[in-house]
Amino acid sequence: MAVKDLQLPPLLHSRSSSQFESNDDNNRGLQRHIANKMSRAKLIKQTKEKEKSYFSSEPAEVTFQKPRQIRNYGSLAKPRFLEQLECLLKRELEVLDNTQDSKVQELRLQVDHLKEDLATQYQLYRDERDARKLLITRISTMQSTQDAEHDDNNEEDESEDPVVVKMALQVCREDLTKAQIELNRLQAEYSDVVPRRDWDNLNHLHEETLMKLETLQTDFNQVKSEYDTLLEVHQKSAPTTQQHGSDSQHIATTPRPNWEQCSDILGGTERCKELFEGQSSQKRLEILMKEINSQNQFFTGLGTSSDVPIYLRYEGKLKNLKLKKADVIKVIKEIWRNKMADNEKNDDPRDLQTFLHSYLVEQYKDKAGEWAYSLMESVQNNLKDDLICLFNDVLTGKVDESIYHGQTQLLSHLLKVLIQSDITQCGSLTVSEFSEALRKAFPLKSDQDIEELLAAAQTELESSGVRISYQTLYTEDTDGQHKEFLSLVKKQATAERLQYISELRAQLEGKGEVDAEQLWVAFKTIDPSLEPENLEWNLSVAFQTKESELQAQALEKEVVLQRLSVAHVKRAGPKG
């Protein structure tokens, strides 16, 4: 309802005029109050017109008629429309205050955002200005530097100052002196430093030696354990034996001599058995004394002619050192060890005869002849031994030196594979692990060969258990010989080599002579996996020439096959 539509209530005339007059002052105050309300309403209206967005609809207009002159008709109560007007104005004022507060907050937020944007733009402006100044400065510096360099170049081109050149020469000499001092210091500090290659070689040698030491230590521990066990058994059985000897009646007899100890003097075990077989002790003693007396105490030198081996070229009487088999094996192993070191040092290795002569002269000096003749006599008396027989065959040229190196590499490769398969590093493998290691080391062997090796290992160890002590298989007997397992490995390798040569013979069937090209084709046919380096080495062995000097010369097939059969020629891969 609008204020203008309100109807004023009728005035009460029951009052006396004196009462109106007494309330005349009150009426004037009321009129002023109404006038103030009206002016305030107008102000609110103007404010709403300026800020229309604060309200969705305009408030109703409030108009007042000029109040009538109130006469003194008695006391006047506060009109009802005034109360409504006051309430309406209070609500409008509250809405106006709330709206103004929210608007002020929005304005403040906008002002803050504008300040931040202004600060950002000002910072960008300053950065741009500083970058521009730096760029101008850099360009100016570059121009001035170029001008200065240009001027210096012009001045140097025009004339070189001797003083400047002399100072530059002096500075160079000082720098040279400093560099020389630094070089001398480095040489003094690092003169004892070992090169990386030498350190790697020594480290590899140390690891191999440590591995051998561990193997020997394991063998020693095992032997010591067995010795302790036997000693304990002996101590337990000794009292029983003494008691039995005291209670029973037995005839004391002279101990039987061990005639096998005379085998070294009589020329080996086989000859000893032949001489002593079926003979009494007295007769054996006579035979032994006769052999000792008949043996020459001195050798007669064969002379210095060219048909005598270089290591036997001596004249006169040479003392017989009467070497035992164990001593011979020890010397032969030492010779092979030094021969391998000599081969690594020289690109063109010497043959075994020349090296043996040099070795004996270097080791025994004036007694080299005695050692040469004594060694060869002991070798001839012990040809049943594999190691001694192979040494004699290589020395006399029956087989190539590569046979020995091939066997050594074969056994070393097998040991390395067994150690790699030993994850627990306990020195033993299960039967399945040992069989798998054999297949890994010898991938070209048949299942039958693997089974034979496995059976030989178990037989040698006298154990049918679940584990095989592979380190024990590499121990040697008292004469320095390999036992059954390693002997079988070498025997199978020899059989495989001969089978390989037989296949090559079949491939060359029908040819009287062969040249290098034909032999090359034959090798590649039966062994497609053969590498070119190994193939060239095979050809150099067959034609007795260096790999780089192979020519289109032809030789008889049997000669070629004979040379290959006594060398370390082996299959590289499966058959084609």
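Before reading on, note that the structure itself is shown above.
Residues numbered from 1 in each chain as written. Predicted model: local features only at pLDDT ≥ 70, side-chain atom pairs only at ≥ 80, totals over all residues. Heavy atoms only, no water.

Here we take up the overall build of the protein chain. When you go through the protein chain residue by residue, the secondary structure sums to 20 helices and six strands. Every one of the 576 residues in the protein chain was classed for burial, and the buried ones make up 28%. In the protein chain, the share of contacts with a sequence separation of at least 24, taken over all contacts with a separation of at least 6, comes to 64%. If you sum the accessible surface of the protein chain, you get close to 40,900 Å²; carbon and sulfur atoms cover 52% of it. (Helix = DSSP H or I, 4+ residues; strand = E, 2+ residues; numbered from the N terminus. Buried < 20%, exposed > 50% of the residue type's maximum accessible area, 1.4 Å probe, protein only. Contact = heavy atoms within 4.5 Å. Areas by Shrake-Rupley, 256 points an atom, 1.4 Å probe, with all protein chains shown as cover.)

Running from amino to carboxyl end, helix 10 (residues 352-364) crosses helix 11 (residues 368-381) at an angle of 125°, the nearest separation of the two axes being 8 Å. By the angle between their directions, the pair helix 10 and helix 11 is classed as oblique. The chirality of how helix 10 crosses helix 11 is right-handed. Every residue of helix 11 that contacts helix 10 at L360, V361 and Y364 is listed here: A368, W371 and A372. Looking at the contact of helix 10 with helix 11 residue by residue, the classes come out as six nonpolar, no polar and no charged. (Axes fitted to C-alpha atoms, helices over the stretch in contact; angles between N-to-C directions. Parallel < 35°, antiparallel > 145°, perpendicular 65-115°, else oblique. Left-handed = near helix turned anticlockwise from the far one by under 90°. Nonpolar A, V, L, I, M, F, W, Y, C, P; charged D, E, K, R; others polar.)

Take the nonpolar core next. In summary, soluble globular proteins display a tendency toward joint burial of nonpolar side chains. Of all hydrophobic cores here, the largest spans 32 residues; its most connected members are I332, I335 and F391. For this core, the secondary-structure elements that each account for two or more residues are helix 9 (325-345), helix 10, helix 11, helix 12 (386-396) and helix 13 (402-421). Sort the elements by how many residues they give to this core and helix 11 lands first, with seven residues. Apart from residues no more than four positions distant in its own chain, F391 is found in contact with I332, I335, W336, L352 and L356. Listed in part, the 24 residues of the second largest apolar core include A437, A441, L453 and A457. (Core = buried A, V, L, I, M, F, W, Y, C linked by side-chain atoms within 4.5 Å.)

Let us look at the packing of aromatic side chains. Centre distance and the angle of the planes are the two values used to describe a pair of aromatic rings. Considering all chains together, one arrives at eight aromatic pairs under this definition. When the centroid spacing of 4.0 Å and the interplanar angle of 15° are considered together, the rings of W336 and Y404 count as stacked. Of the two residues, W336 sits in helix 9 while Y404 sits in helix 13, which places them 68 residues apart along the sequence. Residues W336 and Y404 agree in their burial class; the two are buried. Ring geometry for Y500 against F523: centres 6.1 Å apart, planes inclined by 45°, an arrangement best described as tilted. Remark: F523 occurs in helix 18 (residues 516-526) and Y500 occurs in helix 17 (residues 484-507); sequence separation between them is 23 residues. The same class applies to Y500 and to F523, which are both buried. Of the aromatic side chains, those joined through ring pairs into one cluster are W336, F391 and Y404. (Phe/Tyr/Trp six-rings, centres within 6.5 Å; stacked < 30°, edge-to-face > 60°.)

Our next topic: the side chain of Q492. Along the chain, Q492 falls in helix 17. Looking at Q492, the relative accessible area reads 7%, which means it is buried. Side-chain polar atoms of Q492 contact the backbone oxygen of D449, separated by 3.4 Å. Ignoring any residue separated from it by four or fewer positions in sequence, one finds Q492 in contact with K445, D449, E452 and L453. (Polar contact = N/O pair within 3.5 Å; in protein donor to acceptor, adjacent residues only side chain to side chain.)

Looking now at the environment of E496. Of note, E496 is situated in helix 17. The sequence separation of E496 and K570 amounts to 74 residues, and the corresponding C-alpha distance is 7.5 Å. Contact partners of E496, with chain neighbours within four places excluded, come to K445 and D449.

Before going further, it helps to spend a moment on the pattern of salt bridges. The final tally for this structure, using the stated rule, is 12 salt bridges. Residue R185 is joined to E182 by a salt bridge in which the shortest nitrogen-to-oxygen separation is 2.3 Å. Residue R185 and its partner E182 are both found in helix 4 (residues 162-189); the two are separated by three residues, about one turn of the helix. Taking the relative accessible area as the measure of exposure, R185 reaches 35% and is therefore partly exposed. For E182, a relative accessible area of 36% gives the class partly exposed. (Salt bridge = Lys/Arg side-chain N within 4 Å of Asp/Glu carboxyl O.)

Our focus in this paragraph is unusual backbone geometry. With a phi close to 50°, K322 is a non-glycine residue in the positive phi region. Overall, K322 belongs to the partly exposed group, its relative accessible area being 39%. In this structure, K365 is a non-glycine residue whose phi angle is positive, near 55°. Counting through the fold element by element, K365 comes out in the loop between helix 10 and helix 11. You can call K365 exposed: its relative accessible area is 58%.

Right, let's get into the packing of helix 13 against helix 17. Running from amino to carboxyl end, helix 13 crosses helix 17 at an angle of 125°, the nearest separation of the two axes being 11 Å. Overall, the two elements helix 13 and helix 17 adopt an arrangement that is oblique. As for the relative orientation of helix 13 and helix 17, their crossing is right-handed in sense. Across from I403, Q407, L410, L411 and L414 in helix 13, the residues of helix 17 making contact are F485, L486, V489, K490, A493 and R497. Classifying every residue of the contact of helix 13 with helix 17 gives eight nonpolar, one polar and two charged.

With respect to the helices, strands and loops of the structure, K490 is situated in helix 17. An unpaired buried charge is present at K490: no salt bridge exists, and D386, the closest side chain of opposite charge, is 5.1 Å distant. Excluding anything up to four places from it in sequence, K490 contacts Q407, L411 and H482. (Lys, Arg positive; Asp, Glu negative; His and termini not counted.)

All right, on to helix 9 then. Three- or four-residue spacings in an α-helix give side chains the same orientation, since the helix completes a turn every 3.6 residues. The end-to-end C-alpha distance of helix 9 is 31 Å, a good match for the 30 Å that 21 residues give at a rise of 1.5 Å each. Within helix 9, the full set of buried residues consists of K325, V328, I329, V331, I332, I335, W336, K339, D342 and N343. Buried positions in helix 9, seen along its axis, are confined to an arc of 160° and lie on one side of it. Facing away from the buried side of helix 9 by more than 90 degrees, the exposed set consists of K330, E344 and K345. (Expected span 1.5 Å × (residues − 1). Arc of directions from axis to C-beta.)

Every buried residue of helix 14 (residues 431-441) is accounted for by F434, S435, A437, L438 and A441. The buried residues of helix 14 all sit within an arc of 160° when viewed along its axis, so they share a single face. Away from the buried face of helix 14 by more than 90 degrees, exposed residues S432, E436 and K440 are located. Buried residues along helix 14 sit in contact with helix 13, strand 3 (429-430), helix 15 (447-461), strand 4 (467-468), helix 16 (470-473) and helix 17.

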